[in-house]
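Understanding the architecture of this molecule
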Amino acid sequence: MAAQPTIRQIDGAPFAATLVAAPAANAVAFVLNARGVRNIWVTDSTQPNARQVTAFTQDDGQDLTSLAFSADGRTLYFVRGGGPNRAGETPNPTSDPAGAEEAIWRVRLDGTPATRLMEGSSPTPSSRGTSVAFLRRGAIWMASPSSGDSVRVSQLLRMRGSGGSLRWSPNGEQLAFVSNRGTHSFVGVYTLSSKALRWMAPSTDTDNAPVWSRDGSRLAFLRVPYAGRRLGFRATRSAQPWGIMVANAATGEAREVFRATAGRGSAYWAIVADNQLQWMAGDRIVFPWERTGWVHLYSVSANGGAAKELTPGNGEVEFVSTSPDGTRVLYNTNIGDIDRRHVMSVVADGSAAPVPTASGAHIAWSPVYSSQGSTYALVSDAKQPAHAAVLQTSRWNMLAPESMPADFPAASLVTPTAVSLRAADGVTSYGQLFLPPNAQPGKKYPTVIFLHGGSRRQMLLGWNYGAYYHHAYALNQAMALRGYIVLSLNYRSGIGYGMEFREALRQGATGGSEYGDVVAAAKWLGARPDVDRTRIGLWGGSYGGYLTAMGLTRNPELFKAGVDIHGVHDWNVGIQTFVPDYDVHANRLATRTAFLASPMAQVKNWRAPVLLIHGDDDRNVRFVETLTLIQQLRAQQVPVEQVVFPDEVHGFLRHESWMRTFEAAIDFFGRKM
Ligand SMILES: CC(=O)N[C@@H](C)C(=O)N[C@@H](C)C(=O)O
């Protein structure tokens, strides 16, 4: 019998991320995270086969992000390291005594080594020259070539608020940006020659997502009416309708060219894209709208008028980019295949129906056109982890096949199947079922339910496009290969199944209604002949840790053990992490509802053994959430085990953190289930 693949083998393939295309030279770049060692790979007109252009060698937890090409496509800028937490500390998960930083690096595609340029983030190379605008602690700075290979940096302008969304005009003479003022935001335009700053029709609303017209005379941006402080972890089904403004860059005067209708789609839901708005050829603006209850793309004239739906169907558009000539939009969607993602393209004026790219049971995201019109994407399937690929004769062909480890056990992996189930209140939820290979008829198997985090997430019928859930998919595979049945549950309040599913009523801090789907899943599994209903466990991270803890407090009769990774255990604490001035006394009913929807409200019922795992530099779910839970469980003599990662953040930055987490989980379930 072949040796059982280890979790380190199953989760040992590189994870591909951050695919970007250059405006010239047919260059495309992406990041490969190979067991925590992150490096940048490129392909271009000189060498169509992908090649590694950086030389990092350690699982050091220093992410590579914000890749941005120069106008000529010959130089690539990127950020190494993460942003500061509220205490101003940058992520240092190896506890490196020298500390860590968030800095902008540069690598030329001529083979010379990458070099660190300066502290900062959001490198935004000029659309014409060789300058690079960037952010440093919320201020806007500029780096310009100096003697030799060095750069001269200077703060571009001093203003209130925090800068973001840097956008060069097509001629490289102006820089548009967003100035975030906390309760509202403005769009500004800075002119380099005159050093003049002009606000675009400033108002009480939140203006963001600026995009230049193709002739550089105008700017379009989103205007979202002020709606008070958003506390999160609750449904938002409607709002004061958002709109699209078009401003004259020279005068700052603007007018509204589109406004969402009341009801469905009146609350803006973002796509994943460099720009939320795409200024296309023919002066048309392409934008996302949820009017039908699904996130679709629409097209409207920059002069106003009726919006035209480009992507009809029951499913969501998620990742969006455009062709260099502005005639086509490239996007991914689950329309027609709800538990996967496929890349489509459509003409921006809506004169023709969307066109598919590749067929097959794959998951494709982050699609981009190269400057010479080739189509690239990040792709995975049930067995092949996330990789960068180019579209050739309607197939996705891997760009860096040599990066796959020889011991990756693709053939041993199982292929999950799509399932759906109904909760007591009638709401349908969805999931992927992993069955142990060579399952024996009549045998009853121990079973675990995986609960994703977010909760605006969706697990799929294959390796996930998010790093966190790419890792989670590996553990689900490892558990199935170790003889567990695994149900990966897409509970209500997740994405992919429409607005009303995502914005499920009484979710999270307003009632925890999604826990009803967890109970339904346990009962659905318990009714299966191959499930040992006395051996059902739960595991999940963050929001999934919350639901794991809910199961162990609310229904100790259903669940035998749990692995709770940085879970939310008190919604009032969870909200305060994102809203520091949240006042639990401002609305006592809401505060009490939030507490009653939290595991801590019924922690006295907790009996089952649990493994708690947390990094203490967690910026999303504070370490104290686990501290207070452990204190209470010890007082109740509940069998509690723990794994703590000093200086790790929420989505573990080190591969070794994930491996230690998963090895501990496999061992824990082996002993407790
Ligand atoms: C928004 C956020 O941080 N939510 C957390 C409770 C969470 O679930 N975080 C991760 C796991 C995520 O997927 O967002």
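The shown structure was predicted, so the numbers you read here are calculated from the model rather than taken from an experiment.

Moving on, we get to the pattern of salt bridges. When charged atoms on two side chains of opposite charge get close, those side chains can pair. A full pass over the atoms with the stated rule returns 31 salt bridges. One salt bridge connects D60 with R80, and the closest N-O pair in it is separated by 2.7 Å. Placement of the pair is D60 in the loop between β4 (51-52) and β5 (64-69) and R80 in strand β6 (residues 75-80), with a sequence separation of 20 residues. Two residues, D581 and R229, come together in a salt bridge whose shortest N-O distance is 3.1 Å. On the criterion of sequence distance, the pair formed by D581 in the loop between α6 (571-578) and α7 (588-596) and R229 in the loop between β18 (218-224) and β19 (243-248) is long-range, its members being 352 residues apart. The exposure class of D581 is exposed, given its relative accessible area of 53%. Exposure remark for R229: the relative accessible area of 46% places this residue in the partly exposed category. Connected via shared salt-bridge partners are E290, R456, R502 and E503.

With numbering aligned to this structure, UniProt lists the feature "domain: Dipeptidylpeptidase IV N-terminal" (unreviewed entry) at residues 244-378. End-to-end, the C-alpha atoms of residues 244-378 are 30 Å apart, and along that stretch the chain is 0% helix and 44% strand.

So, on to helix α9 (residues 655-672). Compared with an ideal rise of 1.5 Å per residue, which puts 18 residues at 26 Å, α9 spans 26 Å between its outermost C-alpha atoms and is within 8% of the ideal. Among the residues of α9, those classed as buried are H655, S657, W658, M659, T661, F662, A664, A665, I666, F668 and F669.

Glancing now at the sheet that holds strand β3 (residues 37-43). Strand order in the open sheet made by the four strands is β1-β2-β3-β4, with antiparallel pairing throughout. Whereas interior strands pair on both sides, the edge strands pair on one side only; in this sheet they are β1 (15-21) and β4. The sheet contact formed by β3 and β4 spans two bridges and is antiparallel. Within β4, the position partnered with W41 by the bridge is Q52.

Moving on to the site of the ligand. Around the ligand, the neighbouring residues are G453, G454, R457, Y468, Y469, S542, Y543, F578, N620, V621 and H650. G454 is positioned with one of its backbone polar atoms (N or O) 2.5 Å from an oxygen atom of the ligand. Of the residues belonging to the shell around the ligand, the class tally is five nonpolar, five polar and one charged.

A few words on the sheet that holds β6. Sheet strands pair via backbone hydrogen bonds, and the direction of the pair is either parallel or antiparallel. If you walk across this open sheet you meet the four strands as β5-β6-β7-β8, and the pairing is antiparallel. A strand with exactly one partner marks an edge of an open sheet, and here the two such strands are β5 and β8 (115-119). Strand-to-strand, the axes of this sheet are offset by a mean angle of 25°, without reference to chain direction. Bridge analysis of β5 against β6 gives four bridges, and the strand direction is antiparallel. Looking across to β6, one finds that A68 is bridged to Y77.

Looking now at the UniProt feature "domain: Peptidase S9 prolyl oligopeptidase catalytic" (unreviewed entry) in the protein. UniProt marks residues 477-672 with the feature "domain: Peptidase S9 prolyl oligopeptidase catalytic" (unreviewed entry), using the numbering shown here. The distance separating the terminal C-alpha atoms of residues 477-672 is 19 Å; by composition the span is 41% helix and 17% strand.

Let us now look at the nonpolar core. The biggest cluster of nonpolar side chains holds 48 residues, and the ones touching the most others in it are I449, F559 and W606. Every residue in contact with W606, bar those within four places of it in the chain, is listed here: A549, L552, T553, L629, L633, Q636 and V638. Counting residues in hydrophobic clusters, the runner-up holds 42 residues, among them A13, Y473, A664 and F669.

On to the environment of T626. Here T626 lies in helix α8 (residues 624-635). The class of T626 is buried, set by a relative accessible area of 6%. When the C-alpha positions of T626 and Q642 are compared, they lie 9.5 Å apart, and in sequence the two are 16 residues distant. Those residues in contact with T626, other than ones at most four positions away along the chain, are H569, L612 and H614.

A few words now on helix α2 (residues 467-481). Between its first and last C-alpha, α2 extends 21 Å over 15 residues, near the 21 Å set by a 1.5 Å rise per residue. With 14 of its 15 residues buried, α2 lies for the most part within the structure. Directly after α2, the chain includes G483, whose backbone phi takes a positive value near 90°.

You can read the domains of the protein as domain 1 (1-151 + 387-413) and domain 2 (416-672). Each of domain 1 and domain 2 was reduced to a C-alpha centroid, and the two centroids are 31 Å apart. Each partner contributes to the interface: domain 1 provides 29 residues, whereas domain 2 provides 30 residues. For the pair domain 1 and domain 2, the summed buried area comes to about 2400 Å², and 54% of that belongs to carbon and sulfur atoms. Of all residues in domain 1, I7, R8 and D11 give up the largest surface area on contact with domain 2, accounting jointly for 27% of the area buried on that side. At the boundary of domain 1 with domain 2, the tally comes to three salt bridges. R8 is the partner of E663 in a salt bridge, and the nearest nitrogen-oxygen pair spans 2.7 Å. Along the contact surface separating domain 1 from domain 2 lie 14 residue pairs in polar contact (both at pLDDT 80 or more). Here the element with the most residues in the side of domain 1 that touches domain 2 is helix α1 (residues 7-10); it accounts for three residues. When grouped by side-chain class, the residues that make up the side of domain 1 that touches domain 2 number nine nonpolar, eleven polar and nine charged.

Thresholds applied
Residues numbered from 1 in each chain as written. Predicted model: local features only at pLDDT ≥ 70, side-chain atom pairs only at ≥ 80, totals over all residues. Heavy atoms only, no water. Salt bridge = Lys/Arg side-chain N within 4 Å of Asp/Glu carboxyl O. Helix = DSSP H or I, 4+ residues; strand = E, 2+ residues; numbered from the N terminus. Buried < 20%, exposed > 50% of the residue type's maximum accessible area, 1.4 Å probe, protein only. UniProt positions renumbered as here; feature names shortened; annotations may be inferred. Expected span 1.5 Å × (residues − 1). Pairing = 2+ DSSP bridges. Near = heavy atom within 4 Å. Polar contact = N/O pair within 3.5 Å; in protein donor to acceptor, adjacent residues only side chain to side chain. Nonpolar A, V, L, I, M, F, W, Y, C, P; charged D, E, K, R; others polar. Axes fitted to C-alpha atoms, helices over the stretch in contact; angles between N-to-C directions. Core = buried A, V, L, I, M, F, W, Y, C linked by side-chain atoms within 4.5 Å. Contact = heavy atoms within 4.5 Å. Domains from an automatic or database assignment. Buried area = accessible area lost by both parts, 1.4 Å probe.

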